[in-house]
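# Examining the three-dimensional arrangement
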Amino acid sequence: MSDDLQTALLQRWCDLGLDALAAAREEIDAINVYPVPDGDTGTNLFLTFEAARTGLVEALPCSLATALTVFARAALLGACGNSGVILSQLVRAGAQQLMRGDPLRPGALLADTLALAADAAYDAVQEPVEGTILTVARAAADAAQQALGGLPAEPTLQLGAVVRAAAAAAWCALERTPDQLSVLSRAGVVDAGGRGLCVLLDAAVQAFTGEPPVRPAPVPAVAAAPAVAAAAALPGGDLLPDGPAYEVMYLLDSSEAAVRRLRTELAALGDSLVVVGGDGLWNVHVHVDDVGAAVEAGIRAGRPHRVRVAHFDDLVAPAERPGRPATGRPPAVPPERGVVAFAAGPGLAALFSRSGAAVVSRFGASCSTAEIVEAIGATAAPEVIVLPNAPDAIAAAESAARIARAEGLRVCVIPTRTQVQGLAALAVRHPGRAFDEDVLAMSTAASSTRHGAVTVADRDAMTMAGPCRRGDTLGIVEGDFALVGGTLGSAAVAVVERLLAGGGELVTVVTGAGCPDDLVPCLEEALERTRPDVELVVYGGGQPRYPVLVGVE
C-alpha cells in the first residue's frame with residue numbers, strides 16, 4: 001500500500017471518526033459512570049480526537065511519517081479527561097507502529113498496530129481495571145491477530161477482514177463490561193470509554209472497506225442518564241464513594257527517568273493515574289484531594305504547563321453524588337448574555353474584545369471545538385451568542401454549542417462567514433433585548449452585509465474570473481473570485497464598486513498584512529468621486545492572507 005494511500009485512509013478515518021463521535025457524544029456522556037460519574041467521557045473523546053484530526057489536516061499535504069507524527073502529537077496535546085488521555089496513548093503507539101511496519105502487508109500491520117496500542121494503554125495506567133476501554137482495546141487487538149490466520153494473501157482483503165474482526169470483537173467485549181465492573185452493572189450501562197472506542201473502530205471499518213457496519217441501536221441519552229442517577233441513589237450504590245475530590249491534568253516537559261519517579265509520587269496521592277507520552281513531552285492525569293501536591297510533584301519532575309483542575313462537585317449534579325456535601329460557595333453572578341467571536345488577526349481580536357466579545361484567536365488557522373467551548377465558558381453567562389466569522393469555523397462552533405447546551409447553557413450560533421459580518425452583527429447587539437430578538441437582529445445585520453476581499457494568488461489556478469498565476473491580485477465578491485490582475489488598490493476599488501452596485505450606505509474596510517499605505521486614500525478618492533453619499537469606516541485588522549476585507553451595509 002503506497003504512502004499516499006495510507007495517508008488518505010488516515011484522513012478518511014479521522015473524518016468519519018470525528019463525525020461518529022459527534023453523533024454519539026451525548027449518549028456516551030449519559031452512560032459515563034466510571035471512574036467518576038461526571039458525564040463527560042463522550043465530550044472528552046470527541047475533543048481529543050478533534051485535536052488530533054485538526055493537527056493532521058493543518059499539516060497536509062505531507063508524507064505519511066509526518067502525518068502520523070503530527071496526528072499523535074496533536075492527540076497528546078489535546079487530550080481531555082481520563083478517557084481522552086488513554087485514547088491519545090492508543091493513537092501515539094499506533095502511529096509509531098504504522099511508521100515502522102510493512103505497508104505491503106496492511107492486514108498484519110493493522111493487527112500489530114492494535115496490539116501495540118493496547119499494550120501501551122495498559123502500561124500508561126497505574127492500576128489497569130478490566131471492564132473499561134482497556135479491555136475493549138485488548139479484545140480488538142486479540143481478534144485482529146487471530147483473524148490473520150488463513151486469510152488470503154491479497155492485501156486489501158486482509159485489511160478488510162482484520163478491521164471487521166477487531167470492531168466486532170470490541171463490541172462483544174463492550175457488552176461484557178458490566179459483568180467485569182460492578183459500578184456499570186449497578187447503573188445498567190456499558191463502559192463509556194469502551195463505547196467511544198467502538199465508535200472509532202466502526203469508523204475504521206467504513207474507511208477501509210467502504211461499508212459501514214450494522215450495529216444495535218444506541219442507548220438514547222435521555223434513557224441512560226436516569227439509569228445512572230437511579231443506580232447512584234440505591235443503598236450502597238454510590239458511584240463515587242469517598243474518592244478524591246479533584247481531577248488534575250497537565251502537560252509535562254520531562255525525562256523518562258523523572259516520569260517514573262513522578263508516577264510513584266502521584267500514585268501515593270490519589271487514583272485514576274494515567275501518564276502518557278514520550279520524547280520529552282508527557283500528559284499527566286490524576287484524581288487527588290491535594291491539588292498543590294500533585295502540581296508540586298510535576299515541578300520536581302520537570303516543567304508542568306497547561307495545568308487544568310476540575311472539582312468533581314462542580315461537574316456532577318448533587319443528585320448524582322449521594323453523601324457528598326455541597327461546597328457552600330455562593331454562585332457567581334454572571335452577565336446575562338455573552339458573545340464569542342472568532343478573530344482572524346490581532347487588530348480584529350481587539351475590535352471584538354472592545355465590543356464585549358470573548359475572542360477565539362487563531363490567526364491564519366482554523367479553530368477547534370475545544371477552544372470555542374472554553375470561550376463560551378469564559379463568558380460566565382447563561383446565554384451566549386457565537387460568531388464563527390469564517391466558513392471553516394461554523395461546524396466547530398455548532399459542535400461547541402451542542403456541548404454547552406448539554407451543560408444547561410442557552411447558546412446560539414449565528415453562521416457568520418466573514419469577519420465583516422461578525423462586526424456588523426456586534427454593532428447591533430443589545431443585551432437589553434430578549435435573547436431571541438437579539439439573535440434575530442444580529443443575524444439580520446450579518447446576512448444583510450455584502451462582503452468581499454482582496455488577496456494574492458499563491459499558485460497558478462483557474463478561477464471563476466479566468467486563469468491566474470502565482471502573485472496575481474485576486475478580487476473576491478461574496479465568496480467568488482470576481483477579477484484577476486491589477487494592483488491591490490485598483491482591485492479594492494473594483495470590489496467596493498461591485499458590492500455597492502446593489503446599494504449601500506456604509507462601507508467597512510479591514511486592512512490586513514501586506515496592505516499598501518496608499519490603498520485607503522485610493523478608496524477614499526474613488527468613493528468621493530462616484531459615491532459621496534457613502535460613509536467609509538476603516539479598521540486595522542492585521543489578518544494574514546487578505547490585505548483587504550470589505551463589507552457593505
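This text follows the structure it describes.
Notes on the structure in this doc start here. Each chain has its residues counted from 1, following the order in which its sequence is written. In keeping with the predicted nature of the model, local features appear solely for residues at pLDDT of at least 70, side-chain atom pairs appear and are counted solely at 80 or more, and the whole-chain, interface and lining totals rest on all residues. Side-chain measures were taken over the full set of non-hydrogen atoms in the model, leaving aside hydrogen atoms and water.

For the rest of this paragraph, the subject is the sheet that holds strand 8 (residues 410-413). In short, DSSP must find at least two bridges between two strands for them to pair. We count a stretch as a helix when DSSP gives it H or I for four or more residues in a row; a strand needs E for two or more, and each element gets its number in order from the N terminus. On the basis of which strands lie adjacent, the open sheet formed by 4 strands has the order 6-5-7-8 and parallel pairing. Lying at the two open borders of the sheet, with one neighbouring strand each, are strand 6 (358-361) and strand 8. Here the average twist between neighbouring strands, direction ignored, is 20°. Summarising the sheet, strand 7 (residues 383-387) and strand 8 pair through 4 bridges and their orientation is parallel. Axis angles are defined between N-to-C directions and span 0 to 180 degrees, where every axis is a line fitted to C-alpha atoms and, for a helix, only to the segment in contact.

Another aspect to go through is the nonpolar core. Working definition of a nonpolar core: buried Ala, Val, Leu, Ile, Met, Phe, Trp, Tyr and Cys residues. They are joined through side-chain atoms within 4.5 Å. When accessible area is computed with a 1.4 Å probe and restricted to protein chains, residues below 20% of their type maximum are described as buried, those above 50% as exposed, and intermediate ones as partly exposed. Membership of the largest hydrophobic core comes to 81 residues, with the highest contact counts inside it found for Leu10, Trp13, Phe49, Phe71, Ile86 and Leu90. It only takes one pair of heavy atoms within 4.5 Å for two residues to be counted as in contact. Residues in contact with isoleucine 86, not counting those within four places in the same chain, are Ala121, Val125, Ile133, Leu134 and Val274. Val339, Ala349, Cys412 and Ala446 belong to the second-largest nonpolar core, a separate cluster that totals 25 residues.

This paragraph deals with the pattern of salt bridges. Here, a salt bridge means any Lys or Arg side-chain nitrogen found within 4 Å of an Asp or Glu carboxyl oxygen. This structure, assessed with the given rule, holds 17 salt bridges. The closest approach of N and O atoms between aspartate 438 and arginine 337, which form a salt bridge, is 3.1 Å. One end of the pair, aspartate 438, is in helix 18 (residues 435-447); the other, arginine 337, is in strand 5 (residues 337-343), and 101 residues separate them in sequence. The buried category is assigned to aspartate 438, whose relative accessible area is 0%. For arginine 410, the salt bridge goes to aspartate 436, with nearest N and O atoms at 2.9 Å.

Let us look at the pairing of strand 15 (residues 535-540). Sheet topology note: the strand 14 (residues 506-511)/strand 15 ladder contains 6 bridges and is parallel. When the bridges of strand 15 are listed, valine 510 appears paired with tyrosine 539. Handedness of a crossover is defined as follows: with both strands directed away from the viewer, a clockwise route from the first strand across the helix to the second makes it right-handed. Crossover connection from strand 14 via helix 20 (residues 519-530) to parallel strand 15: handedness right-handed.

It is worth spelling out the environment of leucine 114 at this point. Tracing the backbone shows leucine 114 in helix 5 (residues 106-124). Overall, leucine 114 belongs to the buried group, its relative accessible area being 18%. Considering only alpha carbons, one finds leucine 114 and leucine 98, 16 residues apart in sequence, at a separation of 9.9 Å. Setting aside residues no more than four positions away along its own chain, leucine 114 makes contact with Ala140, Ala141, Ala144, Ala166 and Leu201.

Attention now moves to the side chain of aspartate 29. Among the secondary structure elements, aspartate 29 is positioned in helix 1 (residues 3-30). By relative accessible area, which is 10% here, aspartate 29 ends up buried. Definition of a polar contact: a pair of N or O atoms within 3.5 Å, with one able to donate and the other able to accept a hydrogen when the atoms are protein atoms, and with sequence-neighbouring residues admitted only if both atoms are side-chain atoms. A polar contact of 2.7 Å, which involves the side chain of aspartate 29, links it to the backbone nitrogen of glycine 42. Contacts of aspartate 29, omitting those with residues within four sequence positions, involve Gly39, Asp40, Thr41, Gly42 and Thr43.

In an α-helix there are 3.6 residues to a turn, and that puts residues three or four apart on one side. End to end, helix 18 covers 18 Å across 13 residues, agreeing with the expected 18 Å (1.5 Å per residue, within 8%). Those residues of helix 18 not exposed but buried are Phe435, Asp438, Val439, Met442, Ala445 and Ala446. For helix 18, the angular spread of buried residues about the axis comes to 135°, placing them on one side. Opposite the packed face of helix 18, turned more than 90 degrees from it, sit the exposed residues Asp436, Leu440 and Ser447. Those residues of helix 18 that are buried are in contact with strand 5, strand 7, strand 8 and helix 17 (419-427). Expected helix span is taken as 1.5 Å per residue step, with the number of steps being one fewer than the number of residues. What the arc covers is the set of directions going from the helix axis to the C-beta atoms.

Next up on the list: the sheet that holds strand 15. Within the open sheet, the 6 strands sit side by side as 13-12-9-16-14-15. Their pairing is mixed. Every other strand in the sheet has two partners, leaving strand 13 (480-484) and strand 15 as the edge strands with one partner each. With direction set aside, neighbouring strand axes in the sheet form an average angle of 20°. With respect to the sheet, helix 19 (residues 488-500) is in contact with strand 9 (450-456), strand 12 (473-477), strand 13, strand 14 and strand 16 (548-552), its orientation differing from that of strand 9 by roughly 165°.

Centre distance and the angle of the planes are the two values used to describe a pair of aromatic rings. Stacked, edge-to-face and tilted labels apply to pairs of Phe, Tyr and Trp rings (six-membered ring for Trp) whose centres lie within 6.5 Å, assigned for plane angles under 30 degrees, over 60, and everything in between, in that order. This model, assessed by the stated rule, comprises 3 aromatic pairs. Measuring from ring centre to ring centre gives 5.1 Å for tryptophan 13 and phenylalanine 49, while their planes differ by 75°; the resulting arrangement is edge-to-face. With tryptophan 13 in helix 1 and phenylalanine 49 in helix 2 (residues 41-59), this residue pair connects regions lying 36 residues apart in the sequence. Judged by its relative accessible area of 17%, tryptophan 13 falls in the buried class. Where phenylalanine 49 meets phenylalanine 71, the ring centres are 6.2 Å apart and the plane angle is 90°; that geometry is what we call edge-to-face. Separated by 22 residues along the polypeptide, phenylalanine 49 in helix 2 and phenylalanine 71 in helix 3 (residues 64-78) bring together distant segments of the chain. We classify phenylalanine 49 as buried; its relative accessible area is 1%. According to the relative accessible area criterion, phenylalanine 71 is buried, its value standing at 3%. Through a chain of ring-to-ring contacts, the aromatic side chains of Trp13, Phe49 and Phe71 assemble into a single cluster.

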